[in-house]
Amino acid sequence: MSLFEHTAFDNHEKVLFATDPATGLKAILAVHSTARGPAVGGCRMWSYPSSAEAVTDVLRLSQGMSYKNIMADLPIGGGKSVIMRPEGDFDRQALFEAFGRALESLNGQYISAEDVGVSPDDMVAARRTTRHVVGLPDGTGDPSPVTAKGVFMGIQAAAARGLGSEDLKGVKIAVQGATGHVGAYLCRHLAEAGAELHLADIRAAELHALAKELGATVVEDPNAIYDVDADIFTPCALGAIINPETIDRLKVKVVAGAANNQLETREMGAELQKRGIFYAPDYVINAGGIINVMGELDARFDAKWVEGKLVTLKATLGEIMDTAAREARPANIVADELARQRLADAAEQKALAAE
Ligand code: NAD
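So, here is what we can say about the structure in this document. The shown structure was predicted, so the numbers you read here are calculated from the model rather than taken from an experiment.

### Regarding the packing of aromatic side chains
Here is step 1 of the chain: Counted under the stated rule, the structure contains five aromatic pairs.
Here is step 2 of the chain: Ring geometry for Phe4 and Phe9: centres 5.2 Å apart, planes at 80°, overall edge-to-face.
Here is step 3 of the chain: Judged by its relative accessible area of 65%, Phe4 is exposed.

### Describing the pattern of salt bridges
A side chain with one charge can pair with a side chain of the opposite charge if their charged atoms come near.
Here is step 1 of the chain: Applying the stated criterion across every chain yields a total of 21 salt bridges.
Here is step 2 of the chain: Residue Arg128 pairs with Glu97 through a salt bridge whose shortest N-O separation is 2.8 Å. Residue Arg128 is found in the loop between α3 (120-127) and α4 (144-162), and its partner Glu97 is found in helix α2 (residues 92-104); the two are separated by 31 residues along the sequence.
Here is step 3 of the chain: With relative accessibility at 48%, the residue Arg128 sits in the partly exposed group.
Here is step 4 of the chain: Salt-bridge contacts for Arg329 lead to Glu337; the nearest nitrogen and oxygen are separated by 3.1 Å.
Here is step 5 of the chain: Judged by its relative accessible area of 24%, Arg329 falls in the partly exposed class.
Here is step 6 of the chain: Overall, Glu337 belongs to the partly exposed group, its relative accessible area being 37%.

### Here's the deal with the pairing of strand β5 (residues 110-114)
Here is step 1 of the chain: Burial runs high along β5: four of the five residues are buried.
Here is step 2 of the chain: In the sheet, strand β3 (residues 39-46) pairs with β5 via five bridges, with the strands oriented parallel. Paired with Gly42 across the bridge in β5 is Ala113.

### Topic: the sheet that holds β3
Here is step 1 of the chain: The mixed open sheet is built from five strands, whose spatial order is β1-β2-β4-β3-β5. The two strands at the open ends of the sheet, each matched to only one other strand, are β1 (14-20) and β5. Each neighbouring strand pair of the sheet contributes to a mean axis angle of 20°, computed without reference to strand direction.
Here is step 2 of the chain: Pairing analysis gives six bridges linking strand β2 (residues 25-33) to strand β4 (residues 77-84), with the strands arranged antiparallel. If you follow Leu29 over to β4, its bridge partner there is Ser81.

### Some thoughts on the site of the ligand
Here is step 1 of the chain: Around the ligand there are 20 residues in total, and Thr147, His181, Val182, Asp201 and Asn260 lie nearest to it.
Here is step 2 of the chain: In the model, an oxygen atom of the ligand is placed 2.9 Å from a nitrogen or oxygen of the Asn260 side chain.
Here is step 3 of the chain: Relative to its unbound accessible surface of 830 Å², the ligand loses 74% to contact with the protein.
Here is step 4 of the chain: Of all the secondary structure elements, the ones that give two or more residues to the shell around the ligand are α4 and α5 (181-192).
Here is step 5 of the chain: Here the residues of the shell around the ligand are counted per class, giving nine nonpolar, nine polar and two charged.

### Some details on the sheet that holds strand β6 (residues 172-176)
Here is step 1 of the chain: With parallel pairing, six strands are arranged side by side in an open sheet as β8-β7-β6-β9-β10-β11. For this open sheet the edge positions go to β8 (217-218) and β11 (278-279), each flanked by a neighbour on one side alone.
Here is step 2 of the chain: Across four bridges, the pairing between β6 and strand β9 (residues 232-235) is parallel. From the neighbouring strand, Val175 faces β9, where its bridge partner is Thr234.
Here is step 3 of the chain: Most of the contacts of helix α6 (residues 204-214) go to strand β7 (residues 196-200), to which it runs at about 175°, and overall it touches β7 and β8.

### Thoughts on the pairing of β3
Here is step 1 of the chain: Across the eight residues of β3, seven count as buried, placing the element largely inside the fold.
Here is step 2 of the chain: When β3 meets β4, the two strands line up parallel, connected through six bridges. Residue pairing for β4: Val40 is matched across the bridge by Gly78.
Here is step 3 of the chain: As a crossover connection, the stretch from β3 through helix α1 (residues 51-71) into β4 is right-handed.

### Let's talk about the packing of α5 against α6
Here is step 1 of the chain: One way to put it is that α5 packs onto α6 with a least axis distance of 10 Å and a crossing angle of 20°. One way to sum up the angle between α5 and α6 is to call them roughly parallel. Handedness of the crossing formed by α5 with α6: right-handed. From α5, Ala184, Cys187, Arg188 and Ala191 reach across to α6, where they touch Leu210, Glu213 and Leu214.
Here is step 2 of the chain: When grouped by side-chain class, the residues that make up the contact of α5 with α6 number five nonpolar, no polar and two charged.

### Details of unusual backbone geometry
Excluding glycine, residues mostly have negative phi values, and the peptide bonds linking residues are mostly trans.
Here is step 1 of the chain: The backbone of Ala240 shows a phi angle near 60°, a positive value even though the residue is not glycine.
Here is step 2 of the chain: With respect to the helices, strands and loops of the structure, Ala240 is situated in the loop between β9 and β10 (254-255).
Here is step 3 of the chain: Of note in the backbone geometry, Asn261 takes a positive phi value of approximately 50° without being a glycine.
Here is step 4 of the chain: Among the structural elements, Asn261 can be located in the loop between β10 and α7 (267-274).

What counts and what doesn't
- Residues numbered from 1 in each chain as written.
- Predicted model: local features only at pLDDT ≥ 70, side-chain atom pairs only at ≥ 80, totals over all residues.
- Heavy atoms only, no water.
- Phe/Tyr/Trp six-rings, centres within 6.5 Å; stacked < 30°, edge-to-face > 60°.
- Buried < 20%, exposed > 50% of the residue type's maximum accessible area, 1.4 Å probe, protein only.
- Salt bridge = Lys/Arg side-chain N within 4 Å of Asp/Glu carboxyl O.
- Helix = DSSP H or I, 4+ residues; strand = E, 2+ residues; numbered from the N terminus.
- Pairing = 2+ DSSP bridges.
- Axes fitted to C-alpha atoms, helices over the stretch in contact; angles between N-to-C directions.
- Near = heavy atom within 4 Å.
- Polar contact = N/O pair within 3.5 Å; in protein donor to acceptor, adjacent residues only side chain to side chain.
- Areas by Shrake-Rupley, 256 points an atom, 1.4 Å probe, with all protein chains shown as cover.
- Nonpolar A, V, L, I, M, F, W, Y, C, P; charged D, E, K, R; others polar.
- Contact = heavy atoms within 4.5 Å.
- Right-handed = clockwise from strand over helix to strand, strands pointing away.
- Parallel < 35°, antiparallel > 145°, perpendicular 65-115°, else oblique.
- Left-handed = near helix turned anticlockwise from the far one by under 90°.

Pasting the structure below:
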């Protein structure tokens, strides 16, 4: 497998392959960009079928964090790490202490938090061997309420473009993953704004309880959420849900939600645009959580600062959607270009400052 030529390598500043035979650790720590500050992004633990797949995953995720963090205009860069889950029984605490030692060797160029398969308790174990972790139980806590608030504001911005007004009163919204960490908070904001909610989730009991609480309609078959005759589709569960199988079933004017990697391929952005559907690029609209985590890095990033950042994020999302509409181009491509431009500008400024 080639590494420097990998499509997601994209000039990563540094990639560390770390092993520790005593604990079974096999980890890859990827630092995509530190142009704006230390790279920040989660650690994922997964049973990867091969190390090649782990490399691909970490490079894509790390590059994605750079884009997300710079679009939210945060004083941090982008990075990510993956741990190849050991087979059979293993000592979880020892594994994360070993991960912490690898992290510490990067001297703060990369700061990790939890991601899929990793818990705040795992980060507590890593904290014993490194200072460079956030997302601790006594830290900023669950990021989901702030993610949900940012997504709610983003939906308003998207509705203004796709439906002509950001007032969500009476607007029909189909939410996928309604009872999740982000979904449930988001649904409460949407209900409060007067939206007509159609909710789907695979957790039937929680779904019925939430729908009852909010006076919403239950979409009994989770797979039928794509067919709902709604104004807005709000994915808050899985990635790759905008794909050749689902796209022609959508009847909505707007796709805006929290899920990461909503488009199965970049080309799906153009397909949405061809169908006249306004798309809110996922890594822009869902950056509330990483904004909230900033509070663990510096006390200046308090609740008021977070609130202000969400307002700026909404404006950035609006600008991207306006540019996409004006230039008749897919919003995901416009967002990627803006992210790359901002990263290049930051790298230039860092180089100038170092002279
Ligand atoms: P979660 O696991 O708490 O919620 C996901 C929900 O989706 C669950 O209720 C689950 O039952 C439901 N679900 C799973 N498969 C489904 C299906 N086929 N149809 C309908 N529902 C289904 O996760 P979360 O933390 O709420 O995150 C949701 C999405 O937002 C993820 O894609 C995540 O990567 C992204 N995201 C989350 C945050 C955050 O702060 N939590 C930040 C940025 C992005």
